[in-house]
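Coordinate analysis (summary)
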Amino acid sequence: MTPAELSSTVVSAIRDATTAGELDIAVPETVTIERPRSKEHGDYASNVALQMAKAARRPPREVAEILATRLRTVPGIQGVDVAGPGFLNFRLAASAQGELARRIVESGERYGHGDAQAGLRVNLEFVSANPTGPIHIGGARWAAVGDALGRLFEACGADVTREYYFNDAGRQIDAFAESVFAAAHGEEAPQDGYVGAYVSEIAAEVVQRAPGVLDKSREEQLEIFRREGIELMFAAIKRSLADFGTHFDVYVNERDLHVRGELDQALERLRAEDHVYTRDGAIWLRTTDFGDDKDRVLVKSDAATTYFLADAAYYLDKQLRGFELCLYMLGADHHGYIGRLRALAACFGDDPDRTIEVLIGQMVNLSSGGQPVRMSKRAGTVITLDDLVDAVGVDAARYALCRASVDQTLEIDLDLWARRTQDNPVFYVQYAHARIASLLRNSAEMGIERGLAEAFQPGLLAHDRESDLLGALGEFPRVVAQAAELREPHRVARYLEGLAGTYHRFYDDCRVLPLGDEPVTELTRARLWLCEATRVVLAGGLGLLGVSAPERM
RNA sequence: GCCCCCGUAGCUCAGCGGACAGAGCAUUGGACUUCUAAUCCAACGGUCGCAGGUUCGAAUCCUGCCGGGGGCGCCA
């Protein structure tokens, strides 16, 4: 019996009790079932009686007793206690609990997937770094978390589009072109320009690709360094992301929106909706009507369009492509964007509470040898995604970035994450998977099969460690659904660490394969089902984070 | 000045109102003729920043303060 099944069983009990006149209350759609921290409180617990007591105008313990009496007769439930202020504590029959192992093995990688976000057309926009330099560590955080979020949404049935938006026009790009130009001529980068080894590398590569470029006029050179530089830089960015295991479905750039006339269309639309006015020669959007702190300029007094107008066109573009929800994942330094993005949606007639969500990721700090690794854009000592991967590998990098809430300023100790020891959480989890894989290989070599599903005897998995493990496995679907709903992939990582620990403890106490000339028993086979079920969940969970599940380590 | 994030064990952090607040690391002491000891067990360790409020019940929700980090542009 899964927690979800137990939940609906309790709902049925409430319905029956109201029908029988024992309770006078509206029947809830679902009730909360949780794994109690303490083993004394049974396998599962529910606070439903406490929550319904007031509406039922009865003491909580009395409500709990009414439900307990009915629930005690349900097959698979071994016992129901009323405890404390009115908790219902359930003990499941070993067979009802062990049954889960078969279910997981048969579901395979689909176990844990659900339909909580079924059909939702969601747009995830993340990283979105301009091609003026490599992906830095802040972008890396979203490359990991945004990608994991996409996997989570898909696991919950959503229709996901991963999108990368960038500017290939504008002042940043001008500065980049001038910096590459300067580097090609052995000159200092201009004020507000870009520095770092990659600028010189790109300059050299452009010169190689376009022989004779240095003999052309300054204007022609700038144009070539701009065009070729962007192309090389963007190719490098895409390579970094691909090596990192993060893929995008759609790349959108401002220039295309411009070329297709989408900025003009957006402006006309906003004008038609009467949200636009002119002041000091500039064209403004009245975002303060929708909660922004100040109105925003769409077209500057020199007739140049702002990035904000491009943002407007881009939002409209997403709306027209039929997305019901647009998620923006931004760095902490962009939190000021939230108000204007929401106002934008409202100006286009949408309800921002429904169509827009902005996730803000706090900063990432790195340390090595106990000393902080400081970034300086001016000195060109920017820590990049590639640097992180070089230092700790893709799996550890993704896991480290996904492991913490994005609300938390993240501290990454490069020495720790490069280590192949138990201090390193990703190895702790991966090791559990490799350990199971090894055990299953051994069993295959010994010619021991877990056998047909029909022959599986779930009731044999009655050891405390087995019960703990089954309980943990039963939590996975809920963890996945909750992580997607809250947009918090770190919950999956934390869950996996707990599951790995629970498995290691089981492994320590419960011998699976026969020793010496011991016979193969039904318990041996039942435990093989349990081991395979655990392997499936570990692999599935790691997969949601884009981290590999090694067969050997 | 205004806005956002954080404050939980020595350290890094979990914990979208529920039972005596958890994990890993660190420290101390144990467990390998046997399925991967890259593991496990035990001990130690807390005024959940402070003060009010809401609630049967608050680390969790609300308000105010204190401390740390980040941000405020006709920049991108």
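Higher on the page you've got the structure.
Presented here is a report on the structure given in the accompanying data block. For clarity, every value in this text was computed on a predicted model and none was experimentally measured.

1. Let's talk about the environment of R342
- Tracing the backbone shows R342 in helix α12 (residues 337–347).
- Exposure remark for R342: the relative accessible area of 28% places this residue in the partly exposed category.
- Each C-alpha atom, one on R342 and one on P352, is 5.3 Å from the other, the two residues being ten residues apart in sequence.
- Excluding its chain neighbours within four sequence positions, the residues that come into contact with R342 are P352, D353 and I356.

2. Here's the deal with a negative patch on the surface
- Where like charges cluster on the molecular surface, the negative patch consists of D243, D386, D387 and D390.
- Looking at where D387 falls in the secondary structure, it is placed in helix α14 (residues 385–392).

3. Some details on the protein's contact with RNA strand B
- For RNA strand B, the set of nearby residues contains 64 residues, the closest of which are Y307, Y337, D407, Y431 and R435.
- For RNA strand B, the backbone makes up 65% of the atoms found within 4 Å of the protein, where backbone means sugar plus phosphate.
- H490 is positioned with one of its side-chain polar atoms (N or O) 2.9 Å from a phosphate oxygen of RNA strand B.
- A distance of 2.7 Å is found between a base nitrogen of RNA strand B and a backbone nitrogen or oxygen belonging to Y507.

4. A word on the environment of R505
- Residue position: R505 is located in helix α19 (residues 490–509).
- A residue is classified by how much of its surface remains accessible, and R505, at 42% relative accessible area, is partly exposed.
- Separated by 40 residues in the primary sequence, R505 and R465 place their C-alpha atoms 6.9 Å from one another.
- Other than its neighbours up to four places away in sequence, R505 contacts R465 and G498.

5. Concerning the pattern of salt bridges
- On inspection of all chains with the given rule, the structure shows 36 salt bridges.
- Between R403 and E497 there is a salt bridge whose closest N-O contact spans 2.8 Å. Highlighted residues: R403 in the loop between α15 (394–402) and β14 (410–413) and E497 in helix α19, separated in sequence by 94 residues.
- In this structure, a network of salt bridges that share partners links the residues D147, R151, E154, R162 and R398.

Cut-offs and rules
Position numbers for residues start from 1 in each chain and track the written sequence from start to end. Starting at A for chains and at 1 for ligands, labels are handed out in the order in which the entities are written. In keeping with the predicted nature of the model, local features appear solely for residues at pLDDT of at least 70, side-chain atom pairs appear and are counted solely at 80 or more, and the whole-chain, interface and lining totals rest on all residues. Processing note: side-chain calculations cover all non-hydrogen atoms of the structure and skip hydrogens and water entirely. Helix numbers and strand numbers start at the N terminus; a helix is a DSSP run of H or I with at least 4 residues, a strand a run of E with at least 2. Under the scheme applied here, a residue whose accessible area is under 20% of the maximum for its type counts as buried, over 50% as exposed, and between as partly exposed, the area being computed with a 1.4 Å probe on protein chains only. Whether two residues are in contact is decided by their heavy atoms: any pair within 4.5 Å suffices. Surface patches are drawn from residues lacking salt bridges whose relative accessible area is over 30%; two like charges belong together within 9 Å, two nonpolar side chains (Val, Leu, Ile, Met, Phe, Trp, Tyr) within 5 Å. Per-residue and other accessible areas follow the Shrake-Rupley method at a 1.4 Å probe size, with only the shown protein chains counted as cover for residues. By convention in these notes, a salt bridge is any Lys or Arg side-chain nitrogen within 4 Å of a carboxyl oxygen on Asp or Glu. The positive count covers Lys and Arg only, the negative count covers Asp and Glu only, and His and the chain ends enter neither. Each charge is placed at NZ for Lys, CZ for Arg, CG for Asp and CD for Glu. Only a single heavy atom is needed: when it lies within 4 Å of a molecule or strand, its residue is near that molecule or strand. Contacts described as polar in this section are N or O atom pairs within 3.5 Å, which, within protein, must combine one atom able to donate a hydrogen with one able to accept it, while residues neighboring in sequence count only if both atoms come from side chains.

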